[in-house]
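In case you want the letters, here they are:
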Amino acid sequence: MNPAAGDARQHLRFLVLYAFAWAGCAISYVPFLTVLLPMRVSDLAGAQDVRVLGYLTFGGAVAASIANIGFGWLSDRTGHRRAWVAAGLLGTVAMLASMPLATRVTELLALLLVWQLALNMMMAPLSAWAGDCVPDGQKGLLGGLMAAAPAAGAVTSALVTIPGLAGPDQRLWLIAAIVLACVSPLLILGRPKSFPELMRDDLGGPAEAVDAVKPVKRMWAARLLVQVAEAALFAYLLYWFRSIDEQVTDAEVAQSFGLVLAAAMPVALLAGRWADRAGRPITPLAVAAATSAGGLVAMALAGSMTSAMAGYLVFGMSATVFLSLHTSQTLRVLPQARHRGRDLGLFNLTNTVPSLFVPWLTIAVVPTFGYSALMVILATMALIACGLLLSTARALMRGR
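Residues numbered from 1 in each chain as written. Predicted model: local features only at pLDDT ≥ 70, side-chain atom pairs only at ≥ 80, totals over all residues. Heavy atoms only, no water.

Participant: What exactly am I supposed to notice about a nonpolar patch on the surface here?
Facilitator: Together, Phe 58, Val 62, Ile 66, Leu 356, Phe 357, Trp 360 and Ile 363 line one region of the surface with nonpolar side chains, adding up to about 710 Å² of accessible area. Within the residue set of the nonpolar patch, elements represented by two or more residues are helix H3 (49-78) and helix H14 (354-369). Element by element, the count of residues in the nonpolar patch is highest for H14, at four residues. Turning to its location among the elements, Val 62 is positioned in helix H3. With a relative accessible area of 33%, Val 62 lands in the partly exposed category. (Patch = residues over 30% accessible without salt bridge, like charges linked within 9 Å, V, L, I, M, F, W, Y side chains within 5 Å. Areas by Shrake-Rupley, 256 points an atom, 1.4 Å probe, with all protein chains shown as cover. Salt bridge = Lys/Arg side-chain N within 4 Å of Asp/Glu carboxyl O. Helix = DSSP H or I, 4+ residues; strand = E, 2+ residues; numbered from the N terminus. Buried < 20%, exposed > 50% of the residue type's maximum accessible area, 1.4 Å probe, protein only.)

Participant: Whenever I open this one, the side chain of Gln 116 confuses me. Can you help?
Facilitator: If you trace the backbone, Gln 116 turns up in helix H5 (residues 105-133). A relative accessible area of 8% means that Gln 116 is categorised as buried. Separated by 3.4 Å, the side chain of Gln 116 and the backbone oxygen of Gly 60 make a polar contact. Among residues more than four places away in sequence, those in contact with Gln 116 are Gly 60, Ala 63, Ala 64 and Ala 67. (Polar contact = N/O pair within 3.5 Å; in protein donor to acceptor, adjacent residues only side chain to side chain. Contact = heavy atoms within 4.5 Å.)

Participant: So what exactly am I meant to see when it comes to the state of the cysteines here?
Facilitator: Throughout this description, disulfide means a covalent bond between two cysteine sulfur atoms. Within this structure, the stated rule accounts for zero disulfides. As a non-bridged cysteine, Cys 182 has Cys 25 as the owner of its nearest cysteine sulfur, 9.3 Å distant. When its relative accessible area of 13% is taken as the criterion, Cys 182 is described as buried. (Disulfide = S-S within 2.5 Å.)

Participant: Got a minute to help me understand the pattern of salt bridges in this structure?
Facilitator: One side chain can pair with another of opposite charge once the charged atoms of both are near each other. Scanning the entire structure with this criterion turns up eight salt bridges. One salt bridge connects Arg 81 with Asp 132, and the closest N-O pair in it is separated by 2.7 Å. Here the residue Arg 81 occupies a position in helix H4 (residues 81-98), and Asp 132 occupies one in helix H5, the gap between them amounting to 51 residues. The exposure class assigned to Asp 132 is buried, which follows from its relative accessible area of 12%. In this structure, a network of salt bridges that share partners links the residues Asp 76, Arg 81, Asp 132 and Arg 340.

Participant: Help me understand helix H12 (residues 305-333), please; the structure alone is not making it clear to me.
Facilitator: What sets the pattern is the α-helix's 3.6 residues per turn: residues three or four places apart point alike. When the terminal C-alpha atoms of H12 are compared, their 41 Å separation across 29 residues agrees well with the 42 Å that a helix rising 1.5 Å per residue should span. H12 sits mainly inside the fold: 21 of its 29 residues count as buried. (Expected span 1.5 Å × (residues − 1).)

Participant: Sorry, what's going on with the packing of H4 against helix H8 (residues 168-189) here?
Facilitator: Each packed pair of helices is defined by two parameters, the angle between the axes and the distance between the axes. Relative orientation of the contacting elements H4 and H8 amounts to 170°, with a least axis distance of 9 Å. On the basis of the axis angle, H4 is roughly antiparallel to H8. Contacts between H4 and H8 involve Arg 82, Val 85, Ala 86, Leu 89, Val 93, Leu 96 and Ala 97 from the former and Leu 172, Trp 173, Ile 175, Ala 176, Val 179, Leu 180, Val 183, Ser 184, Leu 186 and Leu 187 from the latter. Of the residues that constitute the contact of H4 with H8, the class distribution is 15 nonpolar, one polar and one charged. (Axes fitted to C-alpha atoms, helices over the stretch in contact; angles between N-to-C directions. Parallel < 35°, antiparallel > 145°, perpendicular 65-115°, else oblique. Nonpolar A, V, L, I, M, F, W, Y, C, P; charged D, E, K, R; others polar.)

Participant: Looking at this structure, I do not really get the environment of Leu 111. What am I missing?
Facilitator: When you line up the elements, Leu 111 lands in helix H5. Expressed as a C-alpha distance, the spacing of Leu 111 and Gly 153, which sit 42 residues apart in the sequence, is 21 Å. Setting aside its immediate chain neighbours within four residues, Leu 111 contacts Met 95, Ser 98, Met 99 and Ala 102.

Participant: Please explain the confidence of the model for the protein chain as it appears in this structure.
Facilitator: Low pLDDT marks regions whose predicted coordinates should not be analysed in detail. In the predicted model, the protein chain carries a mean pLDDT of 88, and the fraction of residues at 70 or more is 94%. For the stretch residues 1-6, pLDDT sits under 50, and the model shows 18 contacts to residues farther than four places along the chain or on other chains. Note on residues 203-210: pLDDT under 50 across the span, and six contacts to partners over four residues away in sequence or across chains. (pLDDT = per-residue confidence, 0-100.)

Participant: Please explain H14 as it appears in this structure.
Facilitator: Across its 16 residues, H14 extends 21 Å between first and last C-alpha, which sits within 8% of the 22 Å expected from 1.5 Å per residue. All buried positions along H14 are accounted for by Pro 354, Val 358, Leu 361, Thr 362, Val 365 and Val 366. Positive phi appears at Gly 370, one or two residues downstream of H14, with a value of about 90°.

Participant: Got a minute to help me understand the packing of helix H7 (residues 148-160) against H8 in this structure?
Facilitator: Look at H7 against H8: their axes get within 10 Å of each other, and the N-to-C directions meet at 145°. At the point where H7 passes H8, the crossing takes the right-handed sense. Along its contact with H7, which presents Thr 156, Leu 159 and Val 160, the element H8 presents Arg 171, Leu 174, Ile 175 and Ile 178. In terms of residue class, the contact of H7 with H8 is built from five nonpolar, one polar and one charged. (Left-handed = near helix turned anticlockwise from the far one by under 90°.)

Take a look at the structure:
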């Protein structure tokens, strides 16, 4: 951690433009992966749509994992984040507009993989750019602003699917235009102040290097544990609600999801600002992890839709706050500026890996023990994440 960076201030305009660009990244994949891709697969694969979508999702997750690390590393080597973000933006927009050209599943898979490459060409350098430009004393604020990204993705999903607004092919063009409008201002107008101390590697001798890596490992593990819980609830939320009340509709579940994202935005912003002012960057993360565990316990004990919804709102809001603030505070613990993009790519594995094994966890637990047992397991994971974060906070305090 760079003490000198804690007192410096980046332009608020740059932070806001960056948050808009980050929201544009979410808009580029949330509507497509959650709504438009499944619809396209159903058109092309018919009765085999579930299996084909599973193959496409798996292949896309693998491609995203590799591409994020690779393009992060390339942006480290070249030292030009803006150029990579611009190239990735153009590629992402072009691939979204090209999706309607696929007339077979194999063609759709090829376009999907290229789209993942372009998307991560944009996102990986963009993540590292924040580490290059945002001092430690503003990372909480940055995380709070970034909390708008999930909500932006959800709102765009609802917008482009409004009946009569646009046809299936035009929806992808509409998304591409919105992404371009969100990310371009940062590339054109973003002129951040330079902070040479943020580009300094903090590693000294071997002993110091080992101590510096420990918080990174704990932060990585904590995010992975919370992401597993979030991914499980994202995939199986409707099924869990219907296990309590068979009459619940997908619209009601979507409304609850939107309420969670809307409520999390001001909470994340306030928590991030408090972390900056109090000099306790990890504390809100630990509190959010513990609170999400409490929400999961409430979900495990829920006997009615009212109690189930209340438990989910607590968990969902806490997990969203956690993930938003964790993204920015991760930049604080990475010890080597020259490998920042690559290391953030390794952190990105916590976003993609859970989708590979969450289905197997659910299959192993739910049929035999029920959803309550799954919630208890996920709550235990969140509590372990809280413990890891508390130890990270103590390590950072000792390092001051």
